[in-house]
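Summary of structural features
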Amino acid sequence: MDYFKFVSSDTPVGYTKAQRAVSAALYSITIPVALTGNLLLIFIVTRRPKTRTLTGFLFVNMAAADLLVTLVDMPSAMAVPYTSIQWPPGIMGDITCKAVYFGFFVAITASILSLTLMSVDRFLGVVYPLRRFPRFRNARLLSFILWLSSMIFMIPVAILWKVTDQFKPGKFQCFASFGDLLGDYKNDITFLYTYLFFLKYFDSTLPDNSTLWPRFSQTLAA
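Residues numbered from 1 in each chain as written. Predicted model: local features only at pLDDT ≥ 70, side-chain atom pairs only at ≥ 80, totals over all residues. Heavy atoms only, no water.

Some details on the packing of aromatic side chains
Selection rule: When the centres of two rings from Phe, Tyr and Trp lie within 6.5 Å, Trp using its six-membered ring, the rings pair. Their planes under 30 degrees apart give stacked, over 60 give edge-to-face, and anything left gives tilted. The cut-offs for exposure are 20% and 50% of the maximum accessible area for each residue type, with area from a 1.4 Å probe on protein chains only; residues under the lower value are buried, those over the upper are exposed, and the others partly exposed. By the criteria applied, helices consist of DSSP H or I runs no shorter than four residues and strands consist of E runs no shorter than two, each listed in order from the N terminus.
Applying the stated criterion to the full structure yields three aromatic pairs. Ring geometry for Phe-104 versus Phe-105: centroids 5.5 Å apart, planes at 80°, classification edge-to-face. The class of Phe-104 is partly exposed, set by a relative accessible area of 30%. For the ring pair Phe-105 and Trp-161, a centre distance of 5.6 Å and an interplane angle of 50° mean the geometry is tilted. Taken together, the residues span a long stretch of sequence, with Phe-105 in helix α4 (residues 90–127) and Trp-161 in strand β1 (residues 161–164) at a distance of 56 residues. By relative accessible area, Trp-161 is classed as buried at 12%.

Laid out in structure tokens, this is it:
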């Protein structure tokens, strides 16, 4: 299917009635299951003292990220086969467009950071079993820093995504408007994907950095 034909069409091309029905049915099942599972996890961790560990709170952060995707992004994805990605124009359209994609990328980043911090916690527990690391294992402070960092890291997404009719005049859609960040389409794409690559690469390799951790662990143990 021609992508540009899809986004410029006035009808939901590329999806048969059966495909649209199956997509709606799957999302209708997935959304309640995701809500139930993640809310149950949060309830268990917050109610049972034995689960109130750093790892438990990091699971809560991942559940919160999943809830963000479930409540904000899944409904909009569910509507795509019926709307051909059309979006309401105006200020409210821009706000909702930015909120949906910003929330999606923030949720992904928060999940990755949570997994990274779990790895760090296990590393410290194995390599320094007799140290408590009270600064690092402050779950509430760590959660605040985790979400704040995720939002700061994803500021480029909030800048780039907006409602535009660049594919077909009068048909407004929510897309990344490359060219608004650095003034050039190619430079914006290069910057965004290079930025995301190094950000995720740094997150994933942080626990394995043998030169960083001896100094960092001494700071956490202070």
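Moving on from the coordinates now.
Quick notes on the nonpolar core
Here is the rule we go by: Side-chain atoms within 4.5 Å are what join buried Ala, Val, Leu, Ile, Met, Phe, Trp, Tyr and Cys residues into a set we call a nonpolar core.
Counting residues in hydrophobic clusters, the biggest one holds 18 residues, and the most contacted among them are Leu-54, Leu-58, Leu-117, Leu-124, Phe-136 and Leu-146. Looking at this core, the elements that each hand over two or more residues are α3 (54–83), α4 and α5 (139–153). By size, the runner-up hydrophobic cluster in this structure holds 15 residues, among which are Trp-87, Val-100, Val-106 and Leu-192.

Things to note about the packing of α3 against α4
Keep this limit in mind: Every axis corresponds to a line fitted to the C-alpha atoms, with the helix fit spanning only the stretch in contact, and the corresponding angles, defined between N-to-C directions, vary from 0 to 180 degrees. Here is the rule for angles: anything less than 35 degrees is roughly parallel, anything more than 145 is roughly antiparallel, 65 through 115 is roughly perpendicular, and the remaining ranges are oblique. Crossing chirality is assigned from the near helix's rotation relative to the far helix, an anticlockwise turn below a right angle marking it left-handed and a clockwise turn marking it right-handed. The nonpolar class holds Ala, Val, Leu, Ile, Met, Phe, Trp, Tyr, Cys and Pro. Asp, Glu, Lys and Arg form the charged class, and all remaining residues, Gly among them, are polar.
Their axes nearest at 9 Å, the elements α3 and α4 cross at an angle of 160°. Classified by the angle their axes make, α3 and α4 are roughly antiparallel. Crossing of α3 over α4 shows left-handed handedness. Here the contact of α3 with α4 is built from residues that sort into 17 nonpolar, six polar and three charged.

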